[in-house]
Structures are given as C-alpha cells and as structure tokens.
Amino acid sequence: MSVGEWIATMLRSGAGNLAAYLAAHVLLCLLPAFFVAGGLSALVPRETVTRYLGRDAPKWISYPAAALGGFVLAVCSCTIMPLFAGIHKKGAGLGPAITFLFVGPAINILALAYTGVALGMDIAIARVVLAVLFGIGIGLIMALIYRRDDQAHAETNGRAFAGSARIQPRVWAFLGLMLALLLVGTLQVDVLTRSYGDLLIPVEGVERLQATLHRWVPYDASRGEEGVTVQGLGLIGLLVLIGGASWFGLNRVDEGYRSWTWVALGLIALTLAAAALGMAPTPDGLMVSFTGKFFGVLAAMAGLSYVWTRYLDSHEVQEWLWETWRFVKQIFPLLVVGVFAVGAIRVLIRPEWIQILAGRNTVLANLVGVLFGVFMYFPTLVEVPIANMFLSLGMHRGPLLAYLMADPELSLQSILITSSVIGKGKAWVYVGWVTLFSTLAGLIYGAWVNGTSLWLLAAMVLAGVGLLMLALTRLSARAERRASREAVTVE
C-alpha cells in the first residue's frame, strides 16, 4: 500500500467508526446522560453532593458511595463522562469523583453479566473486585497529590453552600424519570427488546440501501465493527438536525425560551422515540417493530413532561437546559474527535501482534493490553466480543483483564474529556496511575490463571492496600501539619 492509500484507509475507517458510534450509542445512551448531568448541576443543591462525595465527607462514606454509583446507575464507558463532569462541578471531591469515573463502567451490572457469560465469571469477578479496590486507591492518591487544588475546589463549590439543603421530592421525581429514560434505553432485557407489534412501510430499495451501508461501514461483530443500519442513518440525520436547532435554541436558553428551543426539544423527543423502535429492511419495505423499549421511552418522556410543566419553575427548566447544553459543548466535540481517531488508528494494529506481544502474563504483555485499551476503544458490551476475539487470537487472560480495566478510562476520547474537566496535568497523572493499576490487575489475575494460590494473591493484594492506606494516612497527616504551620506563620 502506498502512503496515500494508507491515509485513505485510515480516514475511511475513522469515518466509519464515528458513523457507527453516532448511530448506535449517542441517542439512547449518551443523550439522556447529558440531561441527567445537567439536572444534577442545575437542580441538586451542592450541599447534598458534598455531604456524601465532598472533600470533607468521611472517606468511609464518600469512596464506597462513589464506587457503588456505577452499579446503581448501570453506566457505560461513554455515559460516565458527563456524569463525572456533573458531580465534580457540583462539589464532589477529586478523589471520590475519580473513583466514580474509574469504577463505574467496571461494575455496570450489564457489563458484569455479559462478561461472565462470554468470558467466564472468574474474569468478571476479578474485574469488579480489583476495579473497586484500585479505583478507591487511585482516588485517594489523586486527592492527596492535589489536596490544595481540591481544597480550593471545595471552597468554591461546596462550603459556600453549606447548610441543610435537601433534594426536593419534585427534583427526585424528575431525576428519577431521566434515569429511567437512560436505563430503558440501554438495558437489554426481554421485556424491553421484545416486539409487541409490527408495521410494514412499503418503501422500495431499503435492502439495497442497507447493502450499500454495509459496504461503506462494514458490520462484523467478532471485530467490534457495528456498521450502520438504515435506521442508524436516519438517526444520524436527526442528530444533525438536533445539533443545528440546539445551537440556536439552547445556546442562550438561560436568557429565555426561543422558538428554536421548542424545535430542538421536539426533535430530541422524536429522535429518542425513533431510536427505541426496531427497524429491519425486508424485500417488501421497512419493517418497524414497536418494542417494549419504545413504550418505555414514551412513558418516561410523558412523565418528564408532566413533572416539568406541573412542578418545575420556568427558570429551573432553563437552567437545566443550559447546563445540559454546556456539557454537550464541552464533551461531545472531544468524543467525536476521539472516536474518529481510534477508528483511524485501529487499522494500523495487526491481529497477529496480539499473540506475540500479549501471549504470556508478563509486565510487557500487560502494558500492551493497556495500550490496546487506548487505541482499540469499544463501548461497554461491545468490548466483550472484542475481548473474546483477543482470547481466540492467543492473548493471555491476564493482559486481557488489563485491557478491560484500561479500555473505558484510557481511550483517547476519555483522556481528552477528563483533561477538559479536571485539567491536563491532573488528567495525565490519572492516566499514569490507571496504567499502573491496570497492569497490576492483569498481573495479579494472570498469576492466578497460571496457578498461583488465590489466598496468597489475596494476602498480597490486601497487604498492598494496607501499605497504601498507611502511606496515604501518614502523608496526609504530614501535609496537614505543614499546612497548620504555614497558617500559623501567616498569622
């Protein structure tokens, strides 16, 4: 291949990866997450966040709460980013926010179940246990390293609002319905995926269009290539319309509603409903299936409309929409760039390299597994068949776990978005700790696969956690004494 052909192949792969991502993961997964993040930022009093996740909250409360947040919300690797940005902006301490970011995708109940079925419950359990332990460890380390910045963040976003603020029932209802919309759109359970009625739309050429789309954006589940369906093509078009209408309708919605505001919200509702339908090309036209997910999305949106119009003030809705749009502008462009770049770079990685570089449980092999997580990012659930493919190509199960641990955190788009939320310096330090702990996770699990006693490994992990906690406690105490002496000197 000439250089020009390589560049053309990379651009085509990047564009195809981006198109597949926009069609499959933005609407029912990422878009509701943006609205949830906007609701957290606009409607939840800061004190209710800082009380449990703030810098000064008891660590035995804040870190387990942050670690379990992903299990409760069933968030995926793309959904976690706006939620992370939301809780950090609202006053969560850097440590608990980092723990939430690291642990959330790993203990997603869907990912846990799918990983257990496809790869074995041993790797699923290892991923959960090590993600929780190491996620809390990374959070504590980041909080200690950046304790002064974290204190300033707490002064700005938490303590100024200290008091007895509570989340009002109407806000609970509104946030609960948005979470319901997120869960209904992402859960793959029979009651939601089953069709309760079909409608044939007699449109000619639908199968030919689908065949053309598969040529442009190939579908191959074993390689993580999701392709673009006819439905996905329509959703991408609607997404473009939403972007244009939102630019005019939400950019200054904090100053008041405009006609474009209602156009944008109407398009969002229409697109969410369309995304929840099942659509399949047939020789006679397009078969539309009315799934349980479709009725669930309609019910959630109806509930949101009722609470919105009946119990929320106009300025609260405006602030919610503004905060949501702010998160979209901050995160979505970086996500697009990252997904495109991953698709472009992926064509350079050859499958035969996997067995050579990651076929044994060594430090280098586990680092290679982490590196695959950077350049071969796949959304939660899609990463599982990819991991299965890695296994079939000869990857050791240790480096495979390192890949699964690092994939959601160290993908290019995740690094870009994290840096936009907490700053480039903190983001790269976080990347370094994630690389280290993901490599350690792979080595520990790989050693068990190779026959090392589980009790010995557990003792080593607990001893390591204990030493880490002791070191952090002493360093924290030393830092507090130094800060006290500096305060006395200033006085």
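Residues numbered from 1 in each chain as written. Predicted model: local features only at pLDDT ≥ 70, side-chain atom pairs only at ≥ 80, totals over all residues. Heavy atoms only, no water.

(A) The arrangement of the overall build of the protein in detail. Check the secondary structure of the protein and you find 22 helices and five strands. Considering the protein as a whole, with its 491 residues, one finds that 52% of them fall into the buried category. The contacts in the protein between residues at least 6 apart in sequence include a share of 83% that link residues at least 24 apart. Entry remark: accessible area of the protein is about 21900 Å², with carbon and sulfur atoms responsible for 68%. (Helix = DSSP H or I, 4+ residues; strand = E, 2+ residues; numbered from the N terminus. Buried < 20%, exposed > 50% of the residue type's maximum accessible area, 1.4 Å probe, protein only. Contact = heavy atoms within 4.5 Å. Areas by Shrake-Rupley, 256 points an atom, 1.4 Å probe, with all protein chains shown as cover.)

(B) Just the packing of helix α5 (residues 94-103) against helix α7 (residues 121-145), in detail. At a closest axis distance of 7 Å, the pairing of α5 and α7 adopts a crossing angle of 150 degrees. By the criterion of interaxial angle, the relationship of α5 to α7 is roughly antiparallel. Seen along the crossing, α5 lies across α7 with a hand that is right-handed. Across the interface between the two elements, L94, G95, I98, T99, F102 and V103 of α5 pack against A131, V132, F134, G135, I136, I138, G139, M142 and A143 of α7. Residue classes in the contact of α5 with α7 are distributed as eleven nonpolar, four polar and no charged. (Axes fitted to C-alpha atoms, helices over the stretch in contact; angles between N-to-C directions. Parallel < 35°, antiparallel > 145°, perpendicular 65-115°, else oblique. Left-handed = near helix turned anticlockwise from the far one by under 90°. Nonpolar A, V, L, I, M, F, W, Y, C, P; charged D, E, K, R; others polar.)

(C) Molecular detail of the environment of V307. Position of V307 relative to the elements: it lies in helix α14 (residues 292-311). For V307 and L177, which are 130 residues apart along the polypeptide, the C-alpha to C-alpha distance reads 9.2 Å. The residues touching V307, leaving out its near neighbours within four places in the chain, are R170, F174, L177 and L312.

(D) Inspection of the pairing of strand β5 (residues 285-291) at higher detail. Among the seven residues in β5, five count as buried, and that is most of the element. One ladder, built from five bridges, connects strand β1 (residues 195-201) with β5; its direction is antiparallel. Across the sheet, D198 pairs through a bridge with S289, a residue of β5. Pairing geometry for strand β4 (residues 278-282) and β5, over five bridges, is antiparallel. Bridged to G278 within β5 is S289. (Pairing = 2+ DSSP bridges.)

(E) Spatial organisation of the nonpolar core. Counting 131 residues, the largest nonpolar core has F102, F174 and W320 as its most contacted members. When residues in this core are grouped by element, the largest group, 16 residues, is from helix α1 (residues 3-43). In this view, F174 contacts L43, L304, V307, W308, L312 and W320; residues no more than four positions away in its chain are not counted. (Core = buried A, V, L, I, M, F, W, Y, C linked by side-chain atoms within 4.5 Å.)

(F) Molecular detail of the packing of aromatic side chains. For the structure shown, the criterion picks out 13 aromatic pairs. In textbook terms, an aromatic cluster arises when at least three aromatic residues are bridged by ring pairs, as seen for F35, F174, Y257, W262, W308 and W320. A cation over a ring is seen here: R326 above F327, with NZ or CZ 4.5 Å from the ring centre. Sitting over the face of the ring of Y146, K426 holds its NZ or CZ atom 5.2 Å from the ring centroid. (Phe/Tyr/Trp six-rings, centres within 6.5 Å; stacked < 30°, edge-to-face > 60°. Lys NZ or Arg CZ within 6 Å of the ring centre and 35° of its normal.)

(G) Inspection of the sheet that holds β5 at higher detail. Strand order across the open sheet formed by three strands is β1-β5-β4, with antiparallel pairing between neighbours. Both edges of this open sheet fall to β1 and β4, since each of them pairs with a single strand only. Each strand of the sheet is rotated relative to its neighbour by a mean of 20 degrees, with strand direction disregarded. Docked against the sheet, helix α11 (residues 206-216) engages β4 and β5, running at close to 105 degrees with respect to β4.

(H) Quick look at a nonpolar patch on the surface. On the surface, a nonpolar cluster with roughly 430 Å² of combined accessible area is contributed by V189, V191, Y196, F295 and L298. Along the chain, F295 falls in helix α14. Judged by relative accessible area, F295 falls into the partly exposed class, the value being 42%. (Patch = residues over 30% accessible without salt bridge, like charges linked within 9 Å, V, L, I, M, F, W, Y side chains within 5 Å. Salt bridge = Lys/Arg side-chain N within 4 Å of Asp/Glu carboxyl O.)

(I) A look at the environment of L321. Tracing the backbone shows L321 in helix α15 (residues 314-346). Taking relative accessible area as the criterion, L321 reaches 1% and is therefore assigned buried. Separated by 286 residues in sequence, L321 and F35 place their C-alpha atoms 7.7 Å apart. With residues up to four places along the chain from it excluded, the contact list for L321 reads F35, L250, V253, Y257, T261 and L265.

(J) Expanded view of the confidence of the model for the protein. Averaged over the protein, the pLDDT score is 82; the fraction of residues at 70 or greater is 86%. Low pLDDT, under 50, characterises residues 160-164; the stretch is placed with eight contacts to residues that sit more than four places away or in other chains. (pLDDT = per-residue confidence, 0-100.)

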